[in-house]
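Residue-level structure breakdown
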Amino acid sequence: MGTGHYFWAIFYFASLCSASLANNAKVNFREKEKKVLDQILGAGKYDARIRPSGINGTENAPTLVYVNMFLRSISKIDDYKMEYSVQLTFREQWTDERLKFDDIQGRLKYLTLTEANRVWMPDLFFSNEKEGHFHNIIMPNVYIRIFPNGSVLYSIRISLTLACPMNLKLYPLDRQICSLRMASYGWTTNDLVFLWKEGDPVQVVKNLHLPRFTLEKFLTDYCNSKTNTGEYSCLKVDLLFKREFSYYLIQIYIPCCMLVIVSWVSFWLDQGAVPARVSLGVTTLLTMATQTSGINASLPPVSYTKAIDVWTGVCLTFVFGALLEFALVNYASRSGLNKANIHKENMK
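A quick note: this is a predicted structure, and the numbers were derived from the prediction, not measured.

Analysis parameters
Once a new chain begins, its residue numbering starts again from 1 and follows that chain's sequence as written. Side-chain atom pairs in this predicted model are given and counted only at pLDDT of 80 or more, local residue features only at pLDDT of at least 70, and totals for whole chains, interfaces and linings cover all residues. Computation of side-chain values covers all heavy atoms of the structure but excludes hydrogens and water. Where helices and strands are cited, they refer to DSSP runs of H or I of at least four residues and of E of at least two residues respectively, numbered from the N terminus. Definition of a polar contact: a pair of N or O atoms within 3.5 Å, with one able to donate and the other able to accept a hydrogen when the atoms are protein atoms, and with sequence-neighbouring residues admitted only if both atoms are side-chain atoms. By definition in these notes, contact holds between two residues if any of their heavy atoms fall within 4.5 Å. Note on terminology: a nonpolar core comprises buried Ala, Val, Leu, Ile, Met, Phe, Trp, Tyr and Cys residues joined through side-chain atoms within 4.5 Å. Three labels apply to residues, based on accessible area from a 1.4 Å probe with only protein chains included: buried if under 20% of the type maximum, exposed if over 50%, partly exposed otherwise in between. Start and end points for every domain follow an automatic or database-based domain assignment. The residues that make up patches have over 30% relative accessible area and no salt bridge, and they are joined within 9 Å when like-charged or within 5 Å when they are Val, Leu, Ile, Met, Phe, Trp or Tyr. Throughout, the Shrake-Rupley method with a 1.4 Å probe supplies accessible areas, and for residues the shown protein chains are the sole cover considered. Should a side-chain nitrogen of Lys or Arg be within 4 Å of a carboxyl oxygen of Asp or Glu, the pair is scored as a salt bridge. UniProt positions are given in the numbering used here, feature names are shortened, and annotations may be inferred rather than shown by experiment. One requirement defines pairing of two strands: DSSP has to find at least two bridges between them. Throughout, an axis means a line fitted to C-alpha atoms (over the contacting stretch in the case of helices), and angles, computed between N-to-C directions, take values from 0 to 180 degrees. Two aromatic rings from Phe, Tyr or Trp, using only the six-membered ring of Trp, form a pair when their centres are within 6.5 Å; if the ring planes differ by under 30 degrees the pair is stacked, by over 60 it is edge-to-face, and anything between is tilted. The definition used for a disulfide is geometric: two cysteine sulfur atoms within 2.5 Å. Any angle between 65 and 115 degrees counts as roughly perpendicular, while under 35 counts as roughly parallel, over 145 as roughly antiparallel, and the rest as oblique. Two helices crossing with the near one rotated counterclockwise from the far one by less than a right angle form a left-handed crossing, whereas a clockwise rotation gives a right-handed crossing.

1. Some words on the side chain of threonine 89
Along the polypeptide, threonine 89 turns up in strand S2 (residues 83-95). Looking at threonine 89, its side chain comes within polar contact range of the side chain of arginine 72, at 2.7 Å. Setting aside anything within four residues of it in sequence, one finds threonine 89 in contact with Asn68, Met69, Phe70, Arg72, Ser155, Ile156 and Arg157.

2. Notes on the nonpolar core
Across soluble globular proteins, nonpolar side chains have a tendency to be buried as a group. Judged by nonpolar contacts, the single largest core of 64 residues is most densely connected at Met69, Tyr84, Val86, Leu88, Phe90, Leu180 and Met182. Split by domain, the residues of this core number at least three in each of domain 1 (41-243) and domain 2 (247-342). Contact partners of leucine 180, with chain neighbours within four places excluded, come to Met69, Tyr84, Val86, Leu88, Phe126, Asn128, Leu162, Leu235, Lys236 and Val237.

3. Comments concerning a nonpolar patch on the surface
On the surface, Leu170, Leu173, Phe245, Leu249, Ile250, Ile254 and Met258 cluster together into a nonpolar patch covering about 670 Å² of accessible area. Here leucine 173 lies in the loop between strand S7 (151-163) and strand S8 (175-184). For leucine 173, a relative accessible area of 55% gives the class exposed.

4. With respect to the environment of leucine 219
Here leucine 219 is to be found in strand S11 (residues 213-222). Linking leucine 219 and leucine 240, residues 21 residues apart in sequence, is a C-alpha distance of 8.4 Å. Leave out the neighbours within four places in its chain, and leucine 219 touches Lys236, Val237 and Asp238.

5. Things to note about the UniProt feature "transmembrane region" (unreviewed entry) in the chain
Taking the UniProt record as the reference, the feature "transmembrane region" (unreviewed entry) is found at residues 6-25, 245-269 and 310-329. Taken end to end, residues 245-269 is 72% helix and 0% strand, and its two terminal C-alpha atoms sit 36 Å from one another. Taken end to end, residues 310-329 is 100% helix and 0% strand, and its two terminal C-alpha atoms sit 28 Å from one another.

6. Describing the side chain of aspartate 79
In this fold, aspartate 79 is placed in the loop between strand S1 (63-78) and S2. Engagement of the side chain of aspartate 79 in a polar contact is seen with the side chain of arginine 243, the distance being 3.0 Å. Those residues in contact with aspartate 79, other than ones at most four positions away along the chain, are Met166, Tyr171, Arg212, Phe213, Arg243, Tyr248, Ser298, Leu299 and Pro300.

7. With respect to the sheet that holds S11
Hydrogen bonds between backbone atoms are what pair the strands of a sheet, whose relative direction is either parallel or antiparallel. A sheet is described by the order of its strands in space; here 4 strands give the open sequence S4-S8-S14-S11, paired in antiparallel fashion. At either margin of the open sheet sits one strand with a lone partner, and together these are strand S4 (124-126) and S11. Averaged over all adjacent pairs, the angle separating strand axes in this sheet is 20 degrees, with direction ignored. Pairing of S4 with S8, which is carried by 3 bridges, proceeds in the antiparallel orientation. By the bridge assignment, phenylalanine 126 is partnered in S8 with methionine 182.

8. Quick word on the packing of aromatic side chains
To describe a pair of aromatic rings, you give the distance between the ring centres and the angle between the ring planes. Applying the stated criterion across every chain yields a total of 11 aromatic pairs. Here phenylalanine 125 and tyrosine 185 contribute two aromatic rings whose centre-to-centre distance is 5.5 Å and whose plane-to-plane angle is 85 degrees, an arrangement assigned as edge-to-face. Of this pair, phenylalanine 125 sits in strand S4 while tyrosine 185 sits in the loop between S8 and strand S9 (192-196), placing them 60 residues apart in sequence. Judged by relative accessible area, which is 30%, phenylalanine 125 ranks as partly exposed.

9. Some thoughts on the pairing of S8
Most of S8 sits out of view: 7 of its 10 residues are buried. Sheet analysis places S8 next to strand S14 (residues 234-243), joined by 9 bridges and oriented antiparallel. By the bridge assignment for S14, cysteine 178 is matched with leucine 239.

10. Thoughts on the state of the cysteines
This model, assessed by the stated rule, comprises 2 disulfides. Covalently, cysteine 164 is tied to cysteine 178 through a disulfide, its sulfur atoms 2.0 Å apart. Looking down the S-S bond of the cysteine 164 and cysteine 178 bridge, the torsion is -75 degrees, so its handedness is left-handed. Taken as a pair, cysteine 164 in the loop between S7 and S8 and cysteine 178 in strand S8 lie far apart in primary sequence, 14 residues in all. The burial state of cysteine 164 is the same as that of cysteine 178; both residues are buried.

11. Considerations on the packing of helix H2 (residues 246-263) against helix H3 (residues 274-297)
Contact pair H2 / H3: the axes reach a minimum separation of 9 Å and the direction vectors enclose 165 degrees. The angle between H2 and H3 places the two elements in the roughly antiparallel class. Every pair of crossing elements has a handedness; the one defined by H2 and H3 is left-handed. Packed against H2, whose contacting residues are Gln251, Ile252, Pro255, Cys256, Leu259, Val262 and Ser263, the element H3 presents Leu280, Thr284, Thr287, Met288, Gln291 and Ile295 at the interface.

Structure representation (structure tokens):
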């Protein structure tokens, strides 16, 4: 057999060995991933009911949970119900020493789970929530990543309707602060502490569009609460909204000004044109009253006076004053005419 035949035989054998090793490595890698999951989450090896230890495995230290979120959209801000709706991607990250595993020389970056009940989860809840739901189309929008050092990342997409107490004294020239509060339900600060993730804990989608508001800025803060059962960790995000004035300028202020100007047209009508002046005055007065009730129908019945109430009240006063002016002028003219007639009769 020649040298060329030996060369091709060795090359063919080496190719077969390389393919076999590659296939085995691929299969073994996936098998290793399954074994790791069985090793750390197998029956009798991990109990999701037990809270992870604190920093560096300290038993008495609280578990630190770092929180960050991504605001995807803000669909509505309801003045009447004093609430707003938001859709966000919510993330929590903590360390569980029991979930450490071998990363196979960096080839296994993390393990992914879709069942939250497989590992211990913080008992976080939104304290000012009215309604909320998860997203399950096409698959549940949730995942859990377990990293080799025992770090756990939990991410979920949720939609919430949250309470937002508003002060409407300056309406519609007001600014409103709507909060999103998150707290622990059962674990006190001795066992569980929520912290904002360093860097950029809250992100907002670009080109966020709201029909009647503008999101000026947002602030993150802590809001720990003390009750009879202990102190509970709490986080909050304050969203500062500025109301857009252009909508109210077109829908309220300009029509009110036009009604007042129309009511003043009666000043240029002839004094004897009683039907025309009465019709014009009454029509503008009723229209202004309807405009005022329509404005108040979209707002809650608060006990204080709003800026829009002062504006509509002044406009209504001008319209009513124009109608009252005609009545006084008509009465004064008739009274003067009667006095002149009496004086003529007495002269006779």
